[in-house]
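Descriptive structure summary
Single-letter residue listing:
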Amino acid sequence: MEVPYGEGEFVAHTESDVYGPGKVIGIEGTWRRVRFTRFVASVDARNLRTATDDERAEIVEWLNAKRRQYGGTW
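Predicted model, so just to flag it, every value in this text is computed and none were measured.

Once that is clear, we can look at the environment of Asn64. Inspection of the secondary structure puts Asn64 in helix α1 (residues 53-70). Sequence separation of Asn64 and Gly26 is 38 residues, and the distance between their C-alpha atoms is 19 Å.

Moving on, we get to the sheet that holds strand β1 (residues 10-13). Within a sheet, neighbouring strands are paired by backbone hydrogen bonds and run either parallel or antiparallel to one another. Pairing is antiparallel across the open sheet formed by five strands, whose spatial order is β4-β3-β2-β1-β5. Across the chains shown, the open sheet's two edge strands, defined by having one partner strand only, are β4 (40-44) and β5 (48-50). Across the sheet, the mean angle from the axis of one strand to that of its neighbour is 50°, orientation sign disregarded. In terms of strand pairing, β1 meets β5 through three bridges, oriented antiparallel. Paired with Ala12 across the two strands is Arg49, which belongs to β5.

What follows covers α1. With 18 residues, α1 ought to run about 26 Å at 1.5 Å a step, and its terminal C-alpha atoms sit 26 Å apart, in line with that. Listed in full, the buried residues belonging to α1 are Glu55, Ile59 and Leu63. Burial along α1 is one-sided: seen end-on, the buried residues are contained in an arc of 70°. The exposed set on the far side of α1, more than 90 degrees from its buried face, consists of Asp53, Asp54, Arg68 and Gln69. At its buried positions, α1 is contacted by β1, β2 (22-28), β3 (31-36) and β5. Where α1 ends, the next residue or the one after it, Gly71, has phi of about 75°, a positive value.

Criteria and cut-off values
Residues numbered from 1 in each chain as written. Predicted model: local features only at pLDDT ≥ 70, side-chain atom pairs only at ≥ 80, totals over all residues. Heavy atoms only, no water. Helix = DSSP H or I, 4+ residues; strand = E, 2+ residues; numbered from the N terminus. Pairing = 2+ DSSP bridges. Axes fitted to C-alpha atoms, helices over the stretch in contact; angles between N-to-C directions. Expected span 1.5 Å × (residues − 1). Buried < 20%, exposed > 50% of the residue type's maximum accessible area, 1.4 Å probe, protein only. Arc of directions from axis to C-beta. Contact = heavy atoms within 4.5 Å.

Spatial relationships are all this shows, so hold off on functional conclusions.
Below you can see the structure in the form of structure tokens.
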């Protein structure tokens, strides 16, 4: 069974919005390393969902702000 959410995909947690929306930055089995707007966490892919358009826009703006502030790849 293929587990969804590859590297670079925009996601959100299925059970809580406390994490904010995020972007998958790593994969290990069914676990996804996700850079959420509030922190980075490892989350089982079964606890993620595809980000809505609004959530995607939020994380893209957050990432762009961090790039402007600190440079580098976020």
